[in-house]
Amino acid sequence: MDDLLYGEYDYYIIDSSEGKFLAVVSPYMDDLSSLKNQLLELGLSFVGIRESKPEDWLKNIITEPFEMIEDVWIDPLEHDLSHLKDKIVLRIPQGLAFGTGLHQTTKMSAMYLKRYLKPGMDVLDLGCGSGILGILAKKLGANRVLAVDNDPLAVEVAMENAERNKVDIEVRLSDLFSNVDGKFDIIVSNIIAEILVEMLKNAGNYLKEGGILILSGIILPKVNLFDQYNVIEKMVMDEWNALVIKI
């Protein structure tokens, strides 16, 4: 890699909650365009080139539309995606809240939502981050969608993203179920395993009869924490697990 990037480049390996990225920085756009093809030959996925101020380049790393899961596309900016008229497009910019659509845990949650959500269902997105899963649920035909997070910044971002995507979802500040009312057909939660286990103690009070939980964010060594529950389906991507549970 060092030999390939020889020249007027600065580069960084970023191992973040959204995945691992190689960010290459150069004052010359032509240099980056030429380097792109070489990096693609190494099997890397291209996520975009963008002019940026030094203090902003990291948060702007993801700029190009990409297919998160089959028939569901993420647009980090306002691209013309009219050619994707038969697909679901979520406009989710890269930002400070978790949930850009790149991480395996988000993808698995989205895949299960697409599989289990029927039009008219009510959905709770618990620990919503950017709001990506709640917005997807609404676009899949959900009736009521409540998205909650204990981080005020995430709540603000999720509200902005709901408006950006022109969907009517409720977004609230809530520590797990502290500010949640009603019952839901699906509770989807993409947070760490220990908090999911704590959440499961009260989840039954917020599920309709026959309702399910879609849980993600579970690192492989922690999946045994859920052995006592009725896991009806499990998915694994790299070191991450997603579970569908009935209580």
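*Asks:* Help me understand the pattern of salt bridges in this model?
*Replies:* Between side chains of opposite charge, a pair can form as their charged atoms come close. Taken as a whole, this structure holds 13 salt bridges when the rule is applied. Of the charged contacts, one joins R144 and D181 as a salt bridge, the two residues approaching to 3.2 Å between their closest N and O atoms. Taken together, the residues R144 in the loop between α3 (132-139) and β7 (145-149) and D181 in the loop between β8 (170-173) and β9 (184-190) connect sequence positions 37 residues apart. For R172, the salt bridge is made with D181, and the minimal N-O distance between the two is 2.5 Å. What emerges from the salt-bridge pattern is a single network uniting R144, E170, R172 and D181.

*Asks:* What am I meant to see in the packing of aromatic side chains here?
*Replies:* Any two aromatic rings considered together are summarised by their centre-to-centre distance and by the angle between their planes. Here the structure, examined in full by the defined rule, presents two aromatic pairs. Considering the side-chain rings of Y112 and Y116, the 6.1 Å spacing of their centres and the 55 degrees angle between planes classify their relative orientation as tilted. Here the residue Y112 and the residue Y116 both occupy positions in helix α2 (residues 104-116), the gap between them amounting to four residues, near one helical turn. We classify Y112 as buried; its relative accessible area is 0%. When the centroid spacing of 4.3 Å and the interplanar angle of 0 degrees are considered together, the rings of F177 and Y206 count as stacked. Taken as a pair, F177 in the loop between β8 and β9 and Y206 in the loop between α5 (193-203) and β10 (207-219) lie far apart in primary sequence, 29 residues in all. Accessibility expressed as a relative area gives 8% for F177, which makes it buried.

*Asks:* So what exactly am I meant to see when it comes to the sheet that holds strand β5 (residues 88-91) here?
*Replies:* Hydrogen bonds between backbone atoms are what pair the strands of a sheet, whose relative direction is either parallel or antiparallel. Spatial ordering of the open sheet is given by β3-β4-β5, a layout of three strands whose pairing is mixed. The sheet is open, and its two borders are formed by β3 (66-69) and β5, each paired with just one other strand. The sheet shows a mean angle of 35 degrees between the axes of neighbouring strands, direction not considered. Pairing geometry for β3 and strand β4 (residues 72-75), over three bridges, is antiparallel. By the bridge assignment, F66 is partnered in β4 with I74. Packing of α2 onto the sheet brings it into contact with β3 and β4, and relative to β3 it is tilted by some 65 degrees.

How each quantity is defined
- Residues numbered from 1 in each chain as written.
- Predicted model: local features only at pLDDT ≥ 70, side-chain atom pairs only at ≥ 80, totals over all residues.
- Heavy atoms only, no water.
- Salt bridge = Lys/Arg side-chain N within 4 Å of Asp/Glu carboxyl O.
- Helix = DSSP H or I, 4+ residues; strand = E, 2+ residues; numbered from the N terminus.
- Phe/Tyr/Trp six-rings, centres within 6.5 Å; stacked < 30°, edge-to-face > 60°.
- Buried < 20%, exposed > 50% of the residue type's maximum accessible area, 1.4 Å probe, protein only.
- Pairing = 2+ DSSP bridges.
- Axes fitted to C-alpha atoms, helices over the stretch in contact; angles between N-to-C directions.
- Contact = heavy atoms within 4.5 Å.

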